[in-house]
Every structure is written in C-alpha cells, then in structure tokens.
Amino acid sequence: MSQLRHPVSTCATRAAQWKMWLFKVFSVIYAVAVCASEDNDATTYSYRESESTAPPPFEPPVPVLERTSSWSDVFSSEKVVLECKATSSSELIITWKKDGSPLGPNLSLSPDKSVLTITASSTQDSGNYTCVVEGKKKPSQTKESGPVKIKVYASTPKPTLARDSDFGEMFPGESITLTCSVDVSSGWEYLWHNDQHQISGVNTKSYTINSVMTQNSGQYYCQGKRDQFLTHLSESTTLKVIDPPTPGLQLQTAWKDVFEGEAVEFHCHVVSSTPGWTFTWHRNKQQLQNNPVEIINGDGSSLKITSVRQTHKGSYTCKAHLTSRGVNSGFSSEVMIQVSAEKPTLTLTRDPEYDVMFAEEAVTFSCAISVHSAWTYLWYKDGSKVTGSSDKLKVQIRGTADQGSYTCKATRGQNPAFITNSSAAKQLKVQQNKPKPTITQQPDAKKLYVGENMSFECKVENSDGWSYDWYKDEASIPNNSNSLKMKGLALLNGGVYKCKAKRDKTGFNTEFSDQRTVQISEIPVPTLKLVTKWPDVFPTESVNMSCEMQKDSADWTYAFYRDGTEVQHYNSDKDRNLSITSASTSDGGNYSCSGKLKSRDVYSTKGSPLNLHVYDAPTVTLEQNPAHNLMHSEDSVSFNCHVNVSSGWTNLWYKDGKELGKVSGNNYNITSVTTKDSGLYKCKVKRGKVFDSDNKIKLDVEERPKASIVLLTGWSDVFSTDSLSLKCEVKESTHNWMHYTWFKEGERIDSFNVTHTVTPSNDPDQSTYTCCAHADERPLYSKSSDSFKTKNLLLKRRVLLSISGCIVFGIAAVLIGCVALRVFRKPNGRDDKMEEVNLFPTMAELKITDVPCPLVEYITDASLNAPAKEEEEENGTVCSETTPLPITKQEDQAATTDNQETTETNGGLSSFLK
C-alpha cells in the first residue's frame with residue numbers, strides 16, 4: 001500500500017487540464033476551416049458552436065465501487081479489496097482517488113485496474129476511496145463512483161475474558177463457562193489456551209466445562225483471530241479445582257477415656273477458603289440427630305454429649321457439605337470414645353519422705369491418677385483446701401504451721417464437673433529450729449603428732465537423709481560420710497575442723513558444728529644436754545647429762561643410750577637426768593636419749609649423740625694467719641690458740657711477755673697492723689688450771705710505700721696541647737709495680753696505665769685525682785697518693801694561650817702600622833723633632849722593671865699544686881689488694897717532673913721546668 005501513502009501529483013493534473021484546453025482550440029480551428037472551403041461568401045461568415053457539425057463527446061457510464069473483502073475496519077497487515085464496476089461497450093480508463101485526491105502510481109491493481117487491494121499499514125491508510133472512469137475515445141467525459149469508507153486501527157486489540165462463576169476453589173463435578181470478546185470490529189473467531197497450551201476444537205466465543213476435574217486446573221486465557229490476524233492474549237483467569245476438603249475432627253474435652261456422667265464435646269472443621277460449609281455427625285457410621293443429650297449446633301460444626309452413658313462409646317466421625325453447590329466431603333478421621341463405669345483411683349506420694357523436716361526446706365506432694373487425661377487437681381491440708389491445681393503441690397516450709405495431713409482429688413470438665421474420690425493422706429512433720437550437728441574426735445586431744453591416726457564423727461539427732469560436708473580451715477574436704485578418718489597424720493593435717501549436714505534433695509543445710517582445733521606436730525627429738533660446762537673431761541671429774549623435749553617435757557618419759565646400748569629405761573618424768581659421779585676412760589663414748597609420750601604409744605627417735613671424751617692433758621698450739629714473716633701496715637693478721645681436746649677454756653694472750661688482757665674466743669685478730677704491732681706473741685689456756693702454748697710467734701711490720709702523682713705536661717706545651725698528662729709513681733721503692741688504679745673524686749675510672757690524660761672533654765668540671773700502684777708480690781699494693789687538683793689548671797693554660805696570642809697579634813699589628821707610617825708619612829723640615837716614645841720595650845728592659853706582671857701572678861698561683869691532704873681524706877680513696885687491675889702493661893717514656901712547682905722568671909712569664 002505504498003501508493004496510498006503519497007498524494008496525486010499536481011503535474012499530472014495540470015497536464016490533463018492543458019490537454020482538454022488544446023482539444024477545444026483545435027476543434028474550433030477545424031470547424032472554421034471546413035466552413036471556409038464550402039462557402040465562398042466571405043462577407044457574412046459567423047461561427048456558432050451549436051451549429052457545428054463535429055461529433056458529440058463520449059459520456060462513460062457512472063461507475064459503482066464495491067468492497068469485496070469481509071470488513072472495512074481493519075488492523076495493520078489486514079487487506080481490503082475494492083472493485084470498480086462500469087458497464088460500457090467502449091473501453092474505459094479507470095483511476096482511483098482517496099479523499100478526492102488521485103492515488104499514486106504504486107497501486108496493487110488488477111490488470112484492467114478495476115480491482116484495488118489495500119494492505120493496511122497505519123492509520124494514514126484510512127479514508128474515503130472512489131474510482132473514476134473515462135472513455136478512450138475522444139472527446140470523452142469522466143464519471144466518479146460513490147465513496148467507500150476504510151478505517152485502519154493503530155493498535156492490535158486485546159480480548160476481554162469473563163467467567164460465569166468467581167469461586168476461588170472449585171470442586172469436581174461443578175461447571176464453568178468462560179467468555180471471550182473483542183470489542184473492536186467484527187468477524188472474530190476465538191482461540192482458547194490452558195497453561196500456554198492451545199485447546200483444540202474450540203473457536204467459539206464461549207468455552208464451557210460442564211464437569212470440572214482436578215486436571216482442568218490452570219491458567220486460562222483467549223485470543224481473537226480473523227483470517228491470519230491475531231489479537232493480543234487476554235488477561236488470564238485461574239481455575240483451581242481441588243477435591244473436597246476432608247474435615248478435621250477434634251475432641252474438645254482433650255480426653256478419650258471418659259466416665260459415666262462426664263460431658264464430651266467434639267468439633268468438626270474444614271480448611272478451605274470457600275465459606276458456607278455445614279456438617280453432619282456419625283457414630284459407628286450412623287448419622288446422629290439433634291436431641292437433648294447429643295446437641296448439634298446450627299451449622300453442625302460441634303457435637304456435645306452432656307452426660308455420657310455406655311451407649312455413647314464408639315467411633316465418631318463427621319462429614320462436610322457445601323449445599324449451595326452440591327459438594328460433599330468424605331468422612332473425617334475417627335475418634336474412639338471409651339466409657340468407664342468406675343471412677344479412677346489416686347495415689348499420693350511425698351518427696352522427700354523424711355520423717356522430720358525443717359523450716360526453709362521444701363517438700364513436693366505428687367498426686368498420680370490411674371487414667372492420665374487433662375485432670376485438674378484439688379489439694380487439702382487437714383481437710384481444708386489449699387491453693388494448687390497441678391498434679392504436684394510444692395510446700396515451701398516456713399514453720400510448724402505447714403505440718404499436717406495432706407490429701408488430693410482430681411477433677412475435669414464443666415457443667416457438671418467430674419470429681420474423683422480423695423486419695424490416702426500423707427503426714428508432714430516440721431521442726432522449727434535449724435539443727436546443729438555434734439562433732440566428736442578420737443583421740444580427744446588438741447595436740448597430735450605426725451604418724452598418729454585421727455577420726456571425727458558428725459551426727460544430727462532425730463532426723464534422716466543427711467549427707468555431710470567437712471571443712472578444714474574453712475576449706476571444703478571431699479567427704480560426704482558422717483565420719484572423717486585420717487591415718488598417718490602429717491603436718492598439713494593440722495588445723496580447725498568442723499562439719500555441717502545437708503539434704504541433697506532439698507538443699508537444706510544445718511548449722512555448723514562446734515570447731516575442733518587440732519595441732520599436728522613433728523614428734524620432737526629429745527636433746528641431750530651436758531649440764532657440766534664441757535664434754536671432754538679428765539679422769540675423776542663428774543659429768544651430768546639432761547634429756548629434754550623442746551616443749552611439754554612433762555608429758556614424756558626418757559631412755560638413755562651409750563654407743564647405741566640402753567643404759568637407762570623409760571622412767572617417770574622426774575628421771576630425765578643421767579649422772580656420772582667419777583669419770584673414767586671407760587665412760588667415754590656417744591651418748592643419746594629418746595622419749596615416749598605418757599598418754600599414747602608415741603615414740604620419738606634418738607636425739608643427736610653427745611660425745612664424751614676423757615683425756616690426760618691438753619696440747620696448746622699457737623698459729624698465725626697469714627703466716628708471713630714480714631707484714632706491712634694496713635695488713636690484717638689473726639692468731640689462733642688451739643686446744644686439741646675438750647672445751648670451756650679461757651684464753652690468755654701475751655706480747656713481749658705482757659698480758660694483753662682477756663680476749664673472747666680462741667682467736668686474737670689485728671685488722672690493720674702498724675709498726676707498733678711488731679713483737680713476740682704467745683697464748684695460754686685456763687680451765688681451773690693454766691696450760692701454756694708449746695710455741696711463740698714473732699711479728700715484724702713495715703710501713704707500706706705510698707704512690708704520688710706528677711704532672712708530665714709543662715707550661716711550654718701550652719701552644720702544642722690542650723690536655724694534661726698525669727703519671728702515678730711510687731718513690732723510694734725498688735718494688736716491681738705492674739699495674740695502677742686511678743680515682744676521680746673518689747670514684748674509680750677506667751684507666752689502668754701508669755699515666756692518665758685529662759682533657760676538657762673528659763673532665764669539664766676539673767676534678768681531683770688520686771692513684772695507687774699494684775704488684776704481683778708482697779706488698780701487693782701501695783698507699784693511695786695525695787690528691788692532685790686540675791681545677792683552674794686547664795683554664796690558666798687557655799688564658800695564657802689567649803694572652804700570648806693577643807700579644808703576638810698586637811706586636812705584629814703595631815710593627816705593620818709603624819712601617820706603613822714611615823712609608824707614607826710626609827717629611828718634616830723642622831729640626832726640632834719630638835722625642836719618640838719607645839712603644840716596644842725589649843725583653844731586657846722588661847726584666848729590670850719593678851712592675852709585676854699580672855699574668856705571672858695569675859699563673860704562679862700558690863694553690864696550683866698545693867698538697868690536698870684534707871681532700872684526700874674527704875675522698876677516701878684507698879688502694880687494696882682487691883682493686884681491679886688491667887691485664888696489659890704500658891710503659892711510659894715521658895720524662896717525670898717534680899711534684900713541687902718551680903718557676904723560672906723569663907720576661908714576666910712563668911713556666912714549669914722540664
């Protein structure tokens with residue numbers, strides 16, 4: 001239909017109009033020429049068209065336009081066929097118009113152009129179509145047919161789907177009709193679909209299922225069809241076909257075993273979204289009718305038997321009915337009802353079943369029934385009802401008011417309620433006060449000894465069901481028995497013991513028992529003491545020994561042994577002594593004793609032996625430690641006076657034959673010897689009789705050499721170094737000194753060489769130094785040197801260097817100025833020149849001057865190297881044999897200078913002599 005989309009060309013219309021105009025002009029010319037040839041009368045010629053002899057124009061018949069297709073309102077891609085009919089003996093020319101305008105050349109026409117086929121593509125194809133006929137002979141007129149209206153729709157239509165029943169659920173056997181309609185145009189047939197599958201054999205507007213089945217369930221929709229044109233699919237409708245629901249039967253009274261006179265109620269229901277269900281009741285498959293005993297409510301959903309009899313036992317079922325639609329369900333599940341003629345029996349128990357219970361305990365009564373179904377329980381104490389409805393009654397005992405006789409009954413149902421007979425009674429005895437257990441101990445003693453056996457017993461009177469908790473020093477002991485036994489006691493078993501009882505079922509605890517304090521001690525070892533003052537005796541002397549325990553000696557008896565043989569058996573507590581009136585050599589040996597507890601069979605071990613010797617006479621020996629013939633001051637020496645036997649001796653010390661006085665012990669010590677301690681030493685011992693030593697010792701003491709510090713760095717080195725070099729030496733000694741120790745302000749420093757260098761970096765505070773020397777032979781070390789102060793020494797050297805530099809620079813500047821003055825000064829002609837002042841005196845002139853040099857005064861400070869005895873004492877630095885020494889040696893090749901400061905006057909400057 002592309003030819004319908006464009007208007008008729010204006011050029012073709014104008015060409016037709018020119019053609020008609022030219023035709024008329026040629027016709028007039030032709031008529032005039034004919035008339036001129038037939039009539040030579042040129043005076044009276046006139047031309048009249050009405051009197052022309054030309055043939056009249058051809059007049060075609062009026063065409064008739066008909067639509068040969070089925071419909072005039074079409075959709076995209078549908079076709080409309082128009083036929084132009086005109087009866088004539090002459091040939092005709094047929095053209096086509098739409099809305100008065102000629103159609104384009106690209107038309108779908110039959111060979112004779114009398115049939116036009118329009119294929120709709122858009123709404124632009126809509127309009128009034130006509131056909132025009134014209135004869136082929138000239139001249140001819142045109143005739144136009146009446147219009148045929150064609151309408152083209154823009155969109156494809158969508159059918160509307162309706163159903164005659166709007167049930168959400170349908171049941172087998174019911175019928176349903178679905179109707180499909182297309183509101184646009186006509187001539188439709190319909191296609192039906194179920195779950196995307198076309199239903200064959202159905203093309204009508206309505207689709208009816210006379211008896212639905214479950215397999216008919218699904219999504220239904222329809223579609224319009226006209227020839228090959230298809231509409232859209234309609235909206236779907238859901239058809240849900242299910243079997244009638246099976247009713248559920250519920251026993252409302254919650255028990256199936258009932259007793260005569262009880263009420264039983266049933267309830268029947270269905271799970272369905274469809275309302276309007278009614279129910280019928282059946283017992284043993286026989287339908288029940290409403291009566292005063294068997295009451296069925298309005299829709300039949302409940303059945304109540306108000307008073308059950310033996311005739312009511314059996315199998316109960318129900319059925320559901322949807323009467324308005326003729327739907328019936330099957331039977332529900334069965335509920336069997338048993339009817340008992342006798343009431344059930346009750347059994348009452350109590351937990352725990354202790355004879356006596358106490359306040360704060362709890363007891364639980366249980367009421368058991370022979371038929372277990374939905375019972376409510378009634379509880380009574382001494383015939384009066386108490387609160388409780390379950391099969392258990394828990395009584396929290398608060399006092400004696402809770403004791404009494406307890407019974408129970410069971411009930412269930414209402415209108416009327418069924419009540420059983422009362423159970424047998426259970427008695428409850430209550431004691432108000434919390435009991436306190438008693439604790440006993442065997443053996444009944446506060447003090448026991450290691451190795452003994454001990455046991456406790458805990459007991460609660462007038463009750464039962466107890467287990468016991470034991471405690472030692474407040475810590476629990478894992479033992480639930482009423483007795484606690486311990487064999488072979490150890491020290492850790494001592495402590496404070498107590499117990500309490502508890503009932504595991506109730507968690508009830510008694511009071512704590514009284515405490516039992518047990519002291520466990522090691523069996524004491526007796527001590528054998530010598531009453532006499534010495535264990536080594538001489539013949540005929542008397543000896544007394546006493547055996548004692550550390551504590552409680554009165555509780556023990558004793559036995560004595562010599563060299564393991566018993567010499568005296570256990571006797572009374574008064575006989576704890578062993579006496580030898582006149583000693584002999586046969587009485588010598590190792591004596592010991594043991595003890596036995598009077599009240600129990602507890603035996604001690606033997607104590608440490610006491611050795612008794614009987615000698616003829618002692619030997620006295622004097623020894624010196626260390627045994628050097630020559631000692632040096634500050635050394636320590638000790639003299640030992642040794643007696644080969646016995647004890648109890650008093651020592652007497654002598655030097656050069658003079659007694660030194662009583663000295664405690666057998667040693668005479670001199671911690672720091674001096675030359676005054678030189679002499680001849682000896683000792684004596686005394687124990688009733690004086691015994692002299694067999695030897696004498698001579699002691700010689702010399703003074704220990706003393707170290708000194710000398711300054712190796714002279715003042716002439718002020719321009720070459722900024723440090724001080726110190727040397728440690730021992731004068732007037734030929735000893736081979738190997739190592740040296742340096743001290744700064746009394747603290748040892750890490751310098752072990754013979755020399756030590758002081759710089760402003762390692763000694764910014766300008767400290768005081770001491771040193772001492774060490775050797776590999778005696779004397780091993782020297783005395784510490786006197787203190788050497790570096791205070792102001794480095795500063796003075798710096799000041800001297802600064803002043804010297806300033807003087808040199810000043811002299812150089814003056815010389816340069818004078819030279820410049822002589823070179824650039826203009827000559828003066830005056831003969832009387834002023835006397836020049838000597839600004840640069842010579843060194844010789846400076847020597848004879850009386851003016852003191854401040855620099856010399858500053859540098860020759862008398863305190864520069866003054867001895868610092870007081871500071872040495874304050875520093876307290878001493879050398880000893882224990883002073884740390886370096887491993888390597890270092891030899892110093894520097895020349896030594898005298899410790900005393902000497903000066904040489906040279907032009908007002910002071911320096912140290914080398």
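Criteria and cut-off values
- Residues numbered from 1 in each chain as written.
- Predicted model: local features only at pLDDT ≥ 70, side-chain atom pairs only at ≥ 80, totals over all residues.
- Heavy atoms only, no water.
- Pairing = 2+ DSSP bridges.
- Helix = DSSP H or I, 4+ residues; strand = E, 2+ residues; numbered from the N terminus.
- Buried < 20%, exposed > 50% of the residue type's maximum accessible area, 1.4 Å probe, protein only.
- Core = buried A, V, L, I, M, F, W, Y, C linked by side-chain atoms within 4.5 Å.
- Contact = heavy atoms within 4.5 Å.
- Phe/Tyr/Trp six-rings, centres within 6.5 Å; stacked < 30°, edge-to-face > 60°.
- Lys NZ or Arg CZ within 6 Å of the ring centre and 35° of its normal.
- Lys, Arg positive; Asp, Glu negative; His and termini not counted.
- Salt bridge = Lys/Arg side-chain N within 4 Å of Asp/Glu carboxyl O.
- Polar contact = N/O pair within 3.5 Å; in protein donor to acceptor, adjacent residues only side chain to side chain.
- Patch = residues over 30% accessible without salt bridge, like charges linked within 9 Å, V, L, I, M, F, W, Y side chains within 5 Å.
- Areas by Shrake-Rupley, 256 points an atom, 1.4 Å probe, with all protein chains shown as cover.

### Quick look at the sheet that holds strand β69 (residues 768–775)
Thought 1: Spatially, β67-β66-β69-β70 is the arrangement adopted by the four strands of the open sheet, whose pairing is antiparallel. Looking at the sheet topology across the chains shown, the edges are occupied by β67 (747–748) and β70 (788–789).
Thought 2: Two strands pair when backbone bridges link them, and strand β66 (residues 737–744) and β69 are joined in this way by seven bridges, in the antiparallel orientation. Across the sheet, the residue bridging to His-739 is His-774, located in β69.

### What to know about the pairing of strand β65 (residues 724–730)
Thought 1: Within β65, seven of the seven residues are buried, which leaves it mostly tucked inside the rest of the structure.
Thought 2: Relative to β65, strand β64 (residues 707–711) runs antiparallel, the two sharing five bridges. Considered in β65, the bridge of Ile-709 is made with Cys-728.
Thought 3: With four bridges connecting them, β65 and strand β68 (residues 755–758) associate as antiparallel partners.

### Examining the nonpolar core
Thought 1: Grouped together as the largest cluster of nonpolar side chains are 25 residues, with contacts concentrated most on Phe-266, Trp-277, Trp-281, Tyr-316 and Ile-337.
Thought 2: For this core, the secondary-structure elements that each account for two or more residues are β18 (248–251), β20 (264–269), β21 (278–283), β24 (302–305), β25 (314–322) and β27 (335–340).
Thought 3: For this core, the leading source of residues is β25, giving four residues.
Thought 4: When neighbours within four sequence positions are excluded, Ile-337 is seen to be in contact with Leu-251, Trp-255, Lys-256, Val-258, Val-264, Phe-266, His-312, Lys-313, Gly-314 and Tyr-316.

### Topic: unusual backbone geometry
Thought 1: The amide bond that connects Gln-442 to the next residue, Pro-443, takes the cis arrangement and shows omega of -5°.
Thought 2: Examined against the element boundaries, Pro-443 turns out to sit in the loop between β38 (438–442) and β39 (447–449).
Thought 3: For the bond running from Asn-625 to Pro-626, omega is 0°, close enough to zero to count as cis.
Thought 4: Inspection of the secondary structure puts Pro-626 in the loop between β55 (620–625) and β56 (630–632).
Thought 5: The phi torsion at Gln-196 lies on the positive side, around 70°, for a residue other than glycine.
Thought 6: Its location among the elements puts Gln-196 in the loop between β12 (189–194) and β13 (197–199).
Thought 7: The backbone of Glu-745 sits at a positive phi, close to 55°, despite the residue not being glycine.
Thought 8: Tracing the backbone through its elements, the reader meets Glu-745 in the loop between β66 and β67.

### Description of the packing of aromatic side chains
Thought 1: On inspection of all chains with the given rule, the structure shows 23 aromatic pairs.
Thought 2: Geometrically, the ring pair formed by Tyr-449 and Trp-556 is edge-to-face, given 5.5 Å between the ring centres and 70° between the ring planes. Remark: Trp-556 occurs in strand β50 (residues 556–562) and Tyr-449 occurs in strand β39; sequence separation between them is 107 residues.
Thought 3: Relative accessible area serves as the criterion here: at 4%, Tyr-449 is assigned to the buried category.
Thought 4: A relative accessible area of 0% places Trp-556 in the buried class.
Thought 5: With a centroid separation of 5.3 Å and 75° between ring planes, the pair formed by Tyr-471 and Phe-512 is classed as edge-to-face. On the criterion of sequence distance, the pair formed by Tyr-471 in strand β41 (residues 467–472) and Phe-512 in the loop between β45 (508–509) and β46 (516–521) is long-range, its members being 41 residues apart.
Thought 6: Under the relative-accessibility criterion, Tyr-471 is labelled buried at 14%.
Thought 7: Put simply, the rings of Phe-75, Tyr-153, Trp-188 and Phe-229 touch in pairs and so form one group of aromatic residues.
Thought 8: One residue, Arg-503, lies across the ring of Trp-466, its end atom 4.3 Å from the ring centre.

### Digging into the side chain of Asp-402
Thought 1: In this structure, Asp-402 sits in the loop between β33 (392–396) and β34 (404–412).
Thought 2: Nearest to the buried, unbridged Asp-402 among oppositely charged side chains is Arg-398, at 5.1 Å.
Thought 3: In this structure the side chain of Asp-402 is engaged in a polar contact, spanning 2.7 Å, whose partner is the backbone nitrogen of Arg-398.
Thought 4: Ignoring sequence-local partners within four residues, the contact set of Asp-402 consists of Lys-381, Val-395, Gln-396, Ile-397, Leu-428 and Val-430.

### What to know about the pattern of salt bridges
Thought 1: The full count for this structure, using the stated rule, is 30 salt bridges.
Thought 2: Glu-360 is the salt-bridge partner of Lys-434, the closest N and O atoms lying 3.9 Å from each other. On the criterion of sequence distance, the pair formed by Lys-434 in the loop between β37 (430–431) and β38 and Glu-360 in the loop between β29 (357–358) and β30 (362–369) is long-range, its members being 74 residues apart.
Thought 3: The exposure class of Lys-434 is partly exposed, given its relative accessible area of 33%.

### A closer look at the side chain of Ser-521
Thought 1: Mapped onto the secondary structure, Ser-521 falls in strand β46.
Thought 2: When its relative accessible area of 15% is taken as the criterion, Ser-521 is described as buried.
Thought 3: Among all residues touching Ser-521, those that are not within four sequence positions of it are Lys-447, Leu-448, Tyr-449, Val-450 and Leu-491.

### A closer look at a nonpolar patch on the surface
Thought 1: A surface patch of nonpolar side chains, amounting to about 320 Å² of accessible area, comprises Ile-803, Ile-807, Ile-811 and Leu-815.
Thought 2: Checked against the element boundaries, Ile-803 lands in helix α2 (residues 793–824).
Thought 3: With relative accessibility at 30%, the residue Ile-803 sits in the partly exposed group.

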